[in-house]
Amino acid sequence: MAAKRFDVVALGELLIDFTENGLSGQGNTLFEANPGGAPCNVLAMLKKLDRDCAFVGKVGDDMFGQMLRKVAEDAGICMDHLVTDRDVRTTLAFVKKLPNGDRDFSFYRNPGADMMLMEDEIPEDAVAGCRIFHFGTLSMTHEGVRKATCKAIDIAKKGGALLSFDPNLRPPLWADLEEARAQIAYGLAQCDILKIADNELEFMTGETDFDKGAAILKEKYPNIRLLNVTAGPDGSYSYYGSERVFVSAINRPDTIETTGAGDTFCACVLNFVLDHGLEGLMADDLTAMLRFANTAAYLVTTKKGAIRSMPEREQVEALLH
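On a predicted model such as this, the values are computed, not experimentally measured, just so you know. The written sequence of each chain sets the order in which its residues are numbered from 1. Local features in this predicted model are restricted to residues whose pLDDT is 70 or higher, and side-chain atom pairs enter the listing and the counts only when it is 80 or higher, whereas totals over whole chains, interfaces and linings include all residues. No hydrogens and no water enter the side-chain calculation; it runs on all heavy atoms of the structure.

A. Local environment of the overall build of the protein. We count a stretch as a helix when DSSP gives it H or I for four or more residues in a row; a strand needs E for two or more, and each element gets its number in order from the N terminus. Check the secondary structure of the protein and you find ten helices and 13 strands. The reference for a compact globule is 2.2 Å times residues^0.38; the radius of gyration itself is calculated from the C-alpha atoms. For a compact globule of 321 residues, the expected C-alpha radius of gyration is about 20 Å, and the protein comes in at 18 Å, within 12% of that figure. Summary of the burial criterion: residues with accessible area below 20% of their type's maximum are buried, those above 50% are exposed, and those between are partly exposed, where the area comes from a 1.4 Å probe applied to protein chains only. Taken over 321 residues, the protein has a buried fraction of 55%. A residue counts as positive if it is Lys or Arg and as negative if it is Asp or Glu; His and the chain ends are not included. By convention, the charge on Lys lies at NZ, on Arg at CZ, on Asp at CG and on Glu at CD. One finds the centroid of the 34 positive side-chain charges in the protein at a distance of 2 Å from the centroid of its 48 negative side-chain charges.

In structure tokens, the structure reads:
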């Protein structure tokens, strides 16, 4: 088999996360424009781990689109397949930190450029030439970009790639949550590697017990070979075959906000799979994977934003030893 051009190709949203950053002298809320978007966040962390990555998506022909392209290129991500839309503006998200540490999102995306990606804009060679193809559901909220996503999934499968899926449920972006449930179910039926948050697991299974929820998904979607559940400040769980591993999170008072933590975790899991594959994994392997992923996720919460806040491998390893 020919060597793959990319370790990971990700498709989806690239946007600006406006994060609260104190008050002005007049008492007005200040927002910091942080480059983000879950799929590209994943690639930014993978680049810190020396992986070859490419992004597929669309931004507006505006100052934010130009900024996002430059930031991602500076991070080392191949942006040859980022399309620019002359008519629709780059998607914006305003992020408010809640007292419990969670976040509330307000999206400016009706429409946003990321949801305007079309089937004929999928770079078939790049998608076919990757070891892992990663996607979420923000590229499945509307018909055109959904068709583009499905086409990319089919190409990746035919090319022999592993498929990685993160539902990344954002209820405000769905006109109907039953449609969200249906599209998440589609993603679950396609993927080999799943990263799912605790609230998303409950949304799809009705279970707050992670073991029961994971068992439901594994039975319904036997294609999922590695299933990871993130539980915020509690830690994370990994389910592989008959193995079940839990590793607690790092909780320190220097956490600022959690944007990008799940994406950082996801990237570290994909890096582990690139190193070890998906055959014959043992509990010790899964534990090492989760320890590294949890630690990297903690480090990204000590800064604002995601793409520019990913930790170096050495920073993660220093906390592990």
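B. Here's a closer look at the pairing of strand 11 (residues 226–230). Buried residues dominate strand 11, accounting for five of its five residues. Alternating positions in strand 11 separate into two faces, Leu 226, Asn 228 and Thr 230 on one and Leu 227 and Val 229 on the other, with burial throughout. In this scheme, strands are said to pair when DSSP sees at least two bridges between them. Of the strand pairs in this sheet, strand 10 (residues 193–197) and strand 11 are connected by five bridges, and their pairing is parallel. Directly across from Leu 194, in strand 11, lies its bridge partner Leu 227. Connecting strand 11 to the next strand, strand 12 (residues 235–240), in antiparallel fashion are four residues, including Gly 232 with a positive phi near 55°.

C. Spatial organisation of the packing of helix 1 (residues 38–48) against helix 8 (residues 261–276). Direction vectors running N to C along helix 1 and helix 8 enclose 55°, while the axes themselves pass 8 Å from each other. Put simply, helix 1 runs oblique to helix 8. Remark: the crossing between helix 1 and helix 8 carries right-handed chirality. Contact with helix 1, carried on its side by Ala 38, Asn 41, Val 42, Met 45 and Leu 46, involves Asp 263, Thr 264, Cys 266, Ala 267, Cys 268, Leu 270 and Asn 271 of helix 8 and no other residues of that element. When residues are grouped by polarity, Ala, Val, Leu, Ile, Met, Phe, Trp, Tyr, Cys and Pro land in nonpolar, Asp, Glu, Lys and Arg in charged, and all others, Gly among them, in polar. Counted by class, the contact of helix 1 with helix 8 contains eight nonpolar, three polar and one charged residues. As a rule, the C-alpha atoms of each element are fitted with a line to give its axis, helices using only the stretch in contact, and angles between N-to-C directions run from 0 to 180 degrees. Orientation categories follow fixed angle ranges, with anything under 35 degrees roughly parallel, anything over 145 roughly antiparallel, 65 to 115 roughly perpendicular, and all other angles oblique. Throughout, a crossing is termed right-handed when the near helix is turned clockwise from the far one, and left-handed when it is turned anticlockwise from it by less than a right angle. We call two residues contacting when some pair of their heavy atoms lies within 4.5 Å.

D. Molecular detail of the environment of Ala 128. Along the chain, Ala 128 falls in helix 3 (residues 124–128). Residue classification places Ala 128 among the partly exposed positions, given a relative accessible area of 28%. Setting aside its immediate chain neighbours within four residues, Ala 128 contacts Lys 4, Ile 155 and Gly 159.

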